[in-house]
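Structure assessment
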Amino acid sequence: MKMLFVAGPTPSNAFALAPLAVAARDEGHQVFMSSVKERTSAVTGIGLPAIAATSSPIADIKATRRSGEREIVPDDVDHPEFIRYTGRWFGRVAAESIVRLREVAAGWRPDIVIGGPHAYAAALLAHELSVPWVRHTWAALDTVGIHVSSEEELEPELRQLGLDRIPQHDLMIDNCPPGVRWSGAAPAQQIRWVPINSQSAVEPWMYTRGGRRRVCVTGGSMAARDNNFELIRGMVDSLAALDAEIVIPAPEEVAAELRAQFADVRAGWIPLDVLMPTCDLIVHHAGGLTGQTAMISGVPQLLLPQEKKVRRAAQLVADYGAAINLLPDEATPGSVAKSLQALLEDPAYAERSQELGREIAAMPPPSDVVGVLEDLATRSR
């Protein structure tokens, strides 16, 4: 059976689909995964054949409407217009991707198409080929409002297919454990999250515990933005007082600056799946896959979500008792220091985090979900 996976425009989209895609390949199916041109290295790094679905730089796609006018990007990520803007450029990615995917399908016709939560080219191609479309989301990520703006941008493609909206998926798959899944989320086939991320050569300290408690502070947006260095500096001071070691996974250009400013931290490109089982706490921006990796390892989390779309999921983890969630206007040096101490000193956070890990371990493995895809594709024939 031929299975086409369509990832979104970030590496995390490819990593989120990877456990199921790799399991499908291991079961003997032919598997391709498409992504925007700049992200194909994330796909090949997983060991899968990659399709570069776009040729335009992603920065150009984000900046220019199909009419040729420039996008005005709101500064406030909480503003409703920012969600609409995001939907529009997701639509433009899909419009460019569908051209290339049609070319691929002409010589390699998939029996089923599995797409990320907003990889709308998957829906269009599956409808055109009359094969099932599976929507694969993660960490309860189901942003409200994006479909509408994506459909505006995809109006020519939808009209060509005789549609007035993006087709409904035939199946939704979600790796979010039930205990922290939004009660209003759509019904979905569960799948166990298996951490997959970019790798590097490992060193013994990465996979062994030292004499001190270890705290991972993910690089991401916190390390990359100048105004967050003060926040990290406050964490370094607070964790030094708690006799904790700080490790910051980050791209080398960011890591070099961190090492220059903070002599006592380890910073660099460290595989998160290798590091996480040795950690006592992780501080991050509420990224879905980062959070899932922490959950499966039973590690408490200090969540500092930047974007509104991830705050609901972050709060659900906090409500479960496995994290503390601080919104941007709440993340002061004092509140961060207090939260770090609570998460390290109160055993209830570790206990609830370990319970989440056991919940994930009980979810269906990707190999079982491959069977669900097989049945769906066979019935559709």
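Structure shown above.
First things first, this report covers the structure right here in the doc. Per chain, residue numbering runs from 1 following the sequence as it is written. Predicted model: local features are reported for residues with pLDDT of at least 70 only, side-chain atom pairs are reported and counted for 80 or more only, and whole-chain, interface and lining totals are derived from all residues. Based on all heavy atoms of the structure, the side-chain values leave hydrogens and waters out of the count.

**So, the overall build of the protein**
Worth spelling out the cut-off: For the purposes of this entry, the term helix denotes a DSSP run of H or I that reaches at least four residues, the term strand denotes a run of E that reaches at least two, and both are numbered from the N terminus. Radius of gyration here uses only the C-alpha atoms, and the compact-globule reference equals 2.2 Å multiplied by the residue count raised to the power 0.38. In what follows, residue pairs with any heavy atoms lying within 4.5 Å of each other are defined as contacts. Per-residue and other accessible areas follow the Shrake-Rupley method at a 1.4 Å probe size, with only the shown protein chains counted as cover for residues. For the purpose of charge, His is not counted, nor are the chain termini; Lys and Arg are scored as positive and Asp and Glu as negative. Lys charges are placed at NZ, Arg charges at CZ, Asp charges at CG and Glu charges at CD.
Looking only at helices and strands, the protein features 17 helices and 13 strands. Relative to the 2.2 N^0.38 estimate, which gives 21 Å for 381 residues, the radius of gyration of the protein is 21 Å and therefore close to what a compact globule would have. The C-alpha extent of the protein, read off along each of the three principal axes, is 65 × 45 × 40 Å. Look at the contacts in the protein between residues 6 or more apart in sequence, and 64% of them connect residues 24 or more apart. Accessible surface, the protein as shown: approximately 16200 Å² in total, 51% of it carbon and sulfur. Here the protein contributes 36 positive and 47 negative side-chain charges, whose respective centroids are spaced 3 Å apart.

**Notes on the packing of helix α1 (residues 11–26) against helix α17 (residues 366–380)**
Our working rule: Angles here are taken between N-to-C directions and fall from 0 to 180 degrees, while the axes themselves are lines fitted to C-alpha atoms, restricted in helices to the stretch in contact. Oblique is the label for any angle not under 35 degrees, not over 145, and not in the 65 to 115 range, which are roughly parallel, roughly antiparallel and roughly perpendicular in turn. Gly counts as polar in this scheme, as do all residues outside two lists: the nonpolar Ala, Val, Leu, Ile, Met, Phe, Trp, Tyr, Cys and Pro, and the charged Asp, Glu, Lys and Arg.
It is at 8 Å that the axes of α1 and α17 come closest, and there the two elements cross at 75 degrees. Here α1 lies roughly perpendicular to α17, going by the angle between them. Contact residues: α1 offers P19, L20, A23 and A24, while α17 offers P366, S367, V369, V370 and L373. Residues belonging to the contact of α1 with α17 are distributed by class as follows: eight nonpolar, one polar and no charged.

**Concerning the pattern of salt bridges**
So the rule is basically this: We define a salt bridge as a side-chain nitrogen of Lys or Arg found within 4 Å of a carboxyl oxygen belonging to Asp or Glu. Here's how the labels work: a residue is buried when its accessible area is under 20% of the maximum for its type, exposed when over 50%, partly exposed in between, all with a 1.4 Å probe on protein chains only.
Scanning the entire structure with this criterion turns up 20 salt bridges. Ionic pairing is found between R66 and E157, a salt bridge with its closest N-O pair at 2.7 Å. Of this pair, R66 sits in the loop between α3 (58–63) and α4 (80–107) while E157 sits in helix α7 (residues 155–160), and the two are 91 residues apart along the sequence. On the accessibility criterion, R66 (42% relative accessible area) is partly exposed. A salt bridge links D111 to R381; the nearest nitrogen and oxygen atoms lie 3.1 Å apart. Of this pair, D111 sits in the loop between α4 and β4 (112–115) while R381 sits in the segment after α17, placing them 270 residues apart in sequence. Using a relative accessible area of 18% as the deciding quantity, one classes D111 as buried.

**A word on the environment of V43**
For V43, the location among the structural elements is in helix α2 (residues 40–46). Residue classification places V43 among the buried residues on the basis of a relative accessible area of 0%. V43 sits 26 residues away from E69 along the chain, and the two C-alpha atoms are 32 Å apart. The residues touching V43, leaving out its near neighbours within four places in the chain, are A14, M33, S35, L48, P49 and A50.

**Concerning empty space enclosed by the protein**
Heads up, the condition is: Within this scheme a cavity is a closed region of a 1 Å grid, computed over the protein atoms alone, that accommodates a 1.4 Å probe without allowing it to escape, whereas a pocket is open but has protein on both sides within 12 Å along at least five of seven lines; lining residues each have an atom within 4 Å of a point. Grid points are joined across faces, edges and corners, and a volume is the space filled by probe spheres set on the points.
Here the structure, examined in full by the defined rule, presents three cavities of 30 Å³ or more. In terms of lining, the largest cavity is formed by 16 residues, of which the most central are A7, G8, V93, S97 and A119. At the level of elements, β2 (30–35), α4 and α5 (120–129) are the ones that each hand at least two residues to the lining of the largest cavity. Of the residues forming the lining of the largest cavity, the biggest block, four residues, is contributed by α4. Of the residues contributing to the lining of the largest cavity, the split by class is 11 nonpolar, five polar and no charged.

**Examining the pairing of strand β5 (residues 133–137)**
Test applied: Here the rule is simple: two strands pair whenever DSSP picks up at least two bridges between them. Crossover handedness is defined here as right-handed if the route from the first strand over the helix to the second strand goes clockwise, with the strands pointing away from the viewer.
The buried fraction of β5 amounts to five of the five residues, a majority that puts the element mostly inside the structure. Side-chain alternation along β5 places W133, R135 and T137 on one buried face and V134 and H136 on a second face that is also buried. When β4 meets β5, the two strands line up parallel, connected through three bridges. When the bridges of β5 are listed, I114 appears paired with V134. Crossover connection from β4 via α5 to parallel β5: handedness right-handed. By the bridge criterion, four bridges tie β5 to strand β6 (residues 171–174) in an arrangement that is parallel. Paired with H136 across the strands is I173, a residue of β6.

**A look at the sheet that holds strand β9 (residues 244–249)**
Taken together, the six strands give an open sheet; going across it, the order is β10-β9-β8-β11-β12-β13, and neighbouring strands pair in parallel fashion. Bordering the open sheet on either side are β10 (265–268) and β13 (323–325), each of which pairs with just one other strand. Between one strand axis and the next, the sheet turns through 15 degrees on average, direction left out of account. When strand β11 (residues 281–284) meets strand β12 (residues 301–303), the two strands line up parallel, connected through three bridges. When the sheet's bridge partners are listed, V283 is paired in β12 with L302. Sitting on the sheet, helix α14 (residues 311–320) is in contact with β12 and β13, with an inclination near 140 degrees to β13. Helix α15 (residues 333–345) contacts β8 (213–217), β11, β12 and β13 of the sheet and is inclined by roughly 160 degrees relative to β12.

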